[in-house]
Amino acid sequence: MVAFGKKLKDRQIQEWQGYYINYKLMKKRVRQYAQQIDLGTLDRHHVLKDFSRMLDNQIEKIVLFLLEQQGHLASKIEKLGVQHDALQEEPEISKISELREAYRAVGQDLLKLLFFVEINAIGLRKILKKFDKRFGYRFTDYYVKTRANHPYSQLQQVFKHVGLGAVVGALSRNLHELQDREGSSYLSIYDHPTLPLQDPVIDSIKAASDRLTHSTNFLNFLGKHALIVQEELPTPSEEQVDDERYHFMSLLLNLANTFLYMINTYIVVPTADDYSISLGAAPTVCGIIIGAMAVAQVFSSVYFSAWSNKSYFRPLVFSSVALFLGNIFYALAYDFKSIWILLIGRLLCGFGSARAVNRRYISDCVPLRIRMQASAGFVSASALGMACGPALAGVLQTKFKIWKLTFNQDTLPGWVMAVAWVIYLIWLCFTFKEPSRDIEEYHAPNQSNDEENGTLKKGLNQPLLITSEAKIDEDGDQDCDDSEEAAEESRKPANSIRSAYRLLTPSVKVQLLIYFMLKYVMEILLSESSVITSYYFNWKTSQVSIFLACLGLTVLPVNIIVGSYISNMFEDRQILLVSELMVCIGVVLSFNIIFPYSQPQYICSGLLLFVSAEVLEGVNLALLSRVMSSRLSRGTYNGGLLSTEAGTIARVIADGTITLAGYLGQSRILNVTLIPSLFITISSIFATFYTYNSLY
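The model shown is predicted, which means the values in this text are computed figures rather than measured ones. (Residues numbered from 1 in each chain as written. Predicted model: local features only at pLDDT ≥ 70, side-chain atom pairs only at ≥ 80, totals over all residues. Heavy atoms only, no water.)

This paragraph deals with the packing of helix H22 (residues 506-527) against helix H28 (residues 639-662). Running from N to C, H22 and H28 point in directions that differ by 40°, and their axes come no closer than 8 Å. With respect to H28, the axis of H22 lies oblique. Judged by the sense of rotation from one axis to the other, the crossing of H22 with H28 is right-handed. Residues Leu-512, Tyr-515, Phe-516, Lys-519, Tyr-520, Glu-523, Ile-524 and Ser-527 of H22 form the contact with H28, whose participating residues are Leu-642, Ser-643, Ala-646, Gly-647, Ile-649, Ala-650, Arg-651, Ile-653, Ala-654, Asp-655, Thr-657 and Ile-658. Along the lines of polarity and charge, the residues of the contact of H22 with H28 split into 12 nonpolar, four polar and four charged. (Axes fitted to C-alpha atoms, helices over the stretch in contact; angles between N-to-C directions. Helix = DSSP H or I, 4+ residues; strand = E, 2+ residues; numbered from the N terminus. Parallel < 35°, antiparallel > 145°, perpendicular 65-115°, else oblique. Left-handed = near helix turned anticlockwise from the far one by under 90°. Contact = heavy atoms within 4.5 Å. Nonpolar A, V, L, I, M, F, W, Y, C, P; charged D, E, K, R; others polar.)

Applying the stated criterion to the full structure yields 32 aromatic pairs. Seen from their ring centres, Tyr-312 and Tyr-361 are 5.4 Å apart, and the 90° between their planes marks the pair as edge-to-face. In this pair, Tyr-312 sits in the loop between helix H13 (286-307) and helix H14 (313-336) while Tyr-361 sits in helix H16 (residues 355-365), placing the two residues 49 residues apart along the sequence. Here Tyr-312 and Tyr-361 have matching classes, each one buried. One cation-aromatic arrangement involves Lys-112 over Trp-16; the distance from NZ or CZ to the ring centre is 5.4 Å. Taking the ring centre of Tyr-334 as reference, the NZ or CZ of Lys-337 above it sits at 4.7 Å. (Phe/Tyr/Trp six-rings, centres within 6.5 Å; stacked < 30°, edge-to-face > 60°. Buried < 20%, exposed > 50% of the residue type's maximum accessible area, 1.4 Å probe, protein only. Lys NZ or Arg CZ within 6 Å of the ring centre and 35° of its normal.)

To continue, consider the side chain of Asn-257. Along the polypeptide, Asn-257 turns up in helix H11 (residues 248-266). Among the residues examined, Asn-257 registers a relative accessible area of 0% and is labelled buried. Non-local contacts of Asn-257, meaning those with residues more than four positions away in its chain, are made with Leu-316, Ser-319, Ala-354, Asn-358, Trp-421 and Tyr-424.

We now examine the side chain of Ser-382. Turning to its location among the elements, Ser-382 is positioned in helix H17 (residues 368-395). Engagement of the side chain of Ser-382 in a polar contact is seen with the side chain of Arg-355, the distance being 3.1 Å. For Ser-382, the residues in contact, after removing those within four places along its chain, are Thr-258, Met-262 and Arg-355. (Polar contact = N/O pair within 3.5 Å; in protein donor to acceptor, adjacent residues only side chain to side chain.)

Turning to its location among the elements, Ala-418 is positioned in helix H18 (residues 412-431). Between the alpha carbons of Ala-418 and Leu-325 there is a distance of 7.4 Å; along the sequence they are 93 residues apart. If near-sequence neighbours (up to four positions away) are discounted, Ala-418 is found in contact with Phe-324, Asn-327 and Ile-328.

Right, let's talk about unusual backbone geometry for a bit. One non-glycine residue, Trp-403, adopts positive backbone phi at about 60°. For Trp-403, the location among the structural elements is in the loop between strand E1 (400-402) and strand E2 (405-407). The phi torsion at Asn-538 lies on the positive side, around 55°, for a residue other than glycine. Mapped onto the secondary structure, Asn-538 falls in the loop between helix H23 (529-536) and helix H24 (541-553).

On average, the protein scores 78 in pLDDT, and the residues at 70 or more come to 76%. pLDDT under 50 marks residues 183-197. Its contacts with residues more than four places away, or in other chains, come to 26 contacts. Segment residues 235-239: pLDDT under 50, and 10 contacts once partners within four positions in sequence are set aside and those in other chains are kept. (pLDDT = per-residue confidence, 0-100.)

Glancing now at the environment of Gln-154. Relative to the assigned elements, Gln-154 resides in the loop between helix H5 (139-148) and helix H6 (155-159). Distance in space between the C-alpha atoms of Gln-154 and Ile-62 is 9.3 Å, their sequence separation being 92 residues. Excluding residues within four positions of it along the chain, Gln-154 makes contact with Asp-56, Ile-59, Glu-60 and Val-63.

Turning next to the packing of H14 against H18. When two helices pack together, their arrangement is captured by the angle between the axes and the distance separating the axes. It is the contact of H14 with H18, at a shortest axis distance of 8 Å, that shows an interaxial angle of 160°. The pairing of H14 with H18 is recorded here as roughly antiparallel in orientation. Every pair of crossing elements has a handedness; the one defined by H14 and H18 is left-handed. Counted together, Phe-313, Leu-316, Val-317, Ser-320, Val-321, Leu-323, Phe-324, Asn-327, Ile-328, Tyr-330, Ala-331 and Leu-332 of H14 and Pro-413, Gly-414, Trp-415, Met-417, Ala-418, Trp-421, Val-422, Tyr-424, Leu-425, Leu-428 and Cys-429 of H18 form the full contact between these two elements. Here the contact of H14 with H18 is composed, by residue class, of 20 nonpolar, three polar and no charged.

Moving on, we get to the pattern of salt bridges. Across all of its chains, the model carries eight salt bridges by this definition. Its salt-bridge partner being Asp-50, residue Arg-29 comes within 3.2 Å of it at the nearest N-O pair. On the criterion of sequence distance, the pair formed by Arg-29 in helix H2 (residues 23-39) and Asp-50 in helix H3 (residues 44-89) is long-range, its members being 21 residues apart. The exposure class of Arg-29 is partly exposed, given its relative accessible area of 22%. Take Asp-50: its relative accessible area is 13%, and that puts it in the buried class. (Salt bridge = Lys/Arg side-chain N within 4 Å of Asp/Glu carboxyl O.)

This is the structure we're talking about:
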């Protein structure tokens with residue numbers, strides 16, 4: 001991908017050329033500041049003052065032109081409104097058609113203006129990030145807060161496109177009234193908000209407006225859980241490639257794979273301890289049974305990610321076959337009385353984890369206009385699968401034999417999932433469409449979401465001046481020369497785990513530590529639930545299943561509340577710290593120390609811990625998607641793979657901890673497993689506090 005400065009120049013509307021942000025001049029000025037500070041001829045105060053003044057002038061130029069163009073559009077819509085009113089009295093089909101085309105022409109002008117605002121907003125974010133990165137200042141946070149919160153804010157015009165919403169609304173309403181009945185009957189979009197807007201120009205305006213808004217809402221918040229990043233400035237050719245590669249049924253199959261895999265992961269949790277006892281092992285061996293799948297997933301994530309560079313269909317077929325065989329082995333272990341067959345079955349299930357393929361398919365083959373919806377669907381499928389798994393285990397409370405095969409609560413999860421994967425495999429073979437690979441070379445790498453969502457949260461605590469030897473930053477913009485070949489080199493994805501790790505900044509490492517922590521404590525809570533509840537409360541499998549299903553069902557409501565309300569009232573870093581503290585409190589309340597351990601204590605502390613961890617996961621991944629290098633957005637060793645590996649390793653260690661703690665006896669397993677949870681939680685809180693205290 002070419003540098004942003006060149007892309008900005010290529011995408012400018014020629015007649016508006018003088019009103020765009022002068023990105024090249026500002027980048028040059030940043031280099032001059034660096035040289036002058038290096039020589040000692042300029043101090044910090046002068047740099048901040050001069051750069052602020054330059055930004056103010058650039059924004060004022062953009063905003064005044066924007067207001068002028070808004071006035072032109074409003075004037076055109078007003079004149080068309082007069083004609084619209086006249087047609088209400090005497091409808092004529094030909095004039096209605098002409099009026100609709102006139103409104104569409106205004107819509108095309110509005111699209112041009114929306115794109116003008118978008119490209120300037122991106123340029124402003126990039127130059128602010130470049131300034132912070134070069135000098136180590138926390139200037140972005142200061143500048144945006146002081147300008148955005150001022151009563152005469154011009155920055156709000158750029159970031160929130162104040163005023164354009166009214167133009168969009170007027171155009172949408174009038175086109176909607178003309179679209180179906182050719183003026184003979186009018187249905188207002190305000191009276192009937194569920195009516196579809198079928199006019200293509202309205203769809204384009206809505207997509208452009210949504211891409212520009214960047215406000216935190218539930219869909220964006222949930223979609224970021226998947227760490228599938230959006231392209232910030234797609235070219236028409238890239239959008240066309242997306243459309244050519246997209247196939248709805250193939251996307252649905254990827255989401256179904258995610259859903260079934262999560263069911264397969266958690267369907268064994270309520271009965272794993274009983275199964276291990278029936279095979280002559282200790283109940284705490286359930287940690288190994290549950291964790292075996294995660295152990296295999298550590299390796300499968302890498303080869304599936306690499307495989308998805310060449311194909312999507314074949315990895316999904318392999319995944320289905322591996323999971324089918326794994327579940328057959330899991331079910332047959334009961335009649336063979338072999339714990340090893342059971343573990344082999346769980347390992348095979350882990351080797352069939354195709355979540356990397358599911359994520360890559362959305363990233364590579366779903367059009368930009370619906371990629372966030374697909375990402376949210378990916379997360380929702382995972383959450384529903386997590387809730388359905390234990391619930392399904394609770395339903396399978398029966399026992400019978402067919403020939404020499406036993407079907408009971410221990411083996412039925414294996415048999416049911418084996419049948420499910422056979423059905424899925426048949427569906428996959430008949431309906432999946434492999435995307436064409438001959439157009440992939442034109443599919444530009446995705447950008448990091450840090451440009452898309454603002455740079456308020458980004459400002460590394462680096463030395464005062466970063467030497468000019470690093471000529472190309474992570475965005476592909478060059479500081480000292482315009483070598484496109486060098487810029488192209490800087491955009492290549494990481495080619496190994498080691499090179500990917502080198503791209504991680506301190507803030508990204510902290511986010512991955514937080515992700516490791518929350519996955520660890522959640523796995524401890526879920527995996528040992530059957531052992532703890534049967535020991536302390538004599539819960540049956542059905543009761544454990546209901547408890548775990550209820551925990552899983554909290555995922556979507558919690559994300560709705562956080563994504564739609566809480567994240568709009570508080571900064572992400574504030575939610576991050578508070579949710580970490582709540583996880584810590586949940587862990588502390590889970591200890592059995594003084595009072596007799598009771599069901600209300602276990603349920604309330606577990607619910608607090610799980611919900612807080614869910615909130616933490618959403619905010620953490622949203623932040624991670626913004627601070628991660630754009631080079632980790634594509635390729636085999638991408639950001640999604642790194643986060644998956646961090647979470648999977650956490651689950652493996654947690655399940656191993658449960659099994660090891662079992663050697664000390666069931667009476668001690670609760671406190672012994674909670675001690676490392678508490679230690680990791682406190683460590684992540686200190687790391688978060690230190691990192692964000694230095695950044696802000």
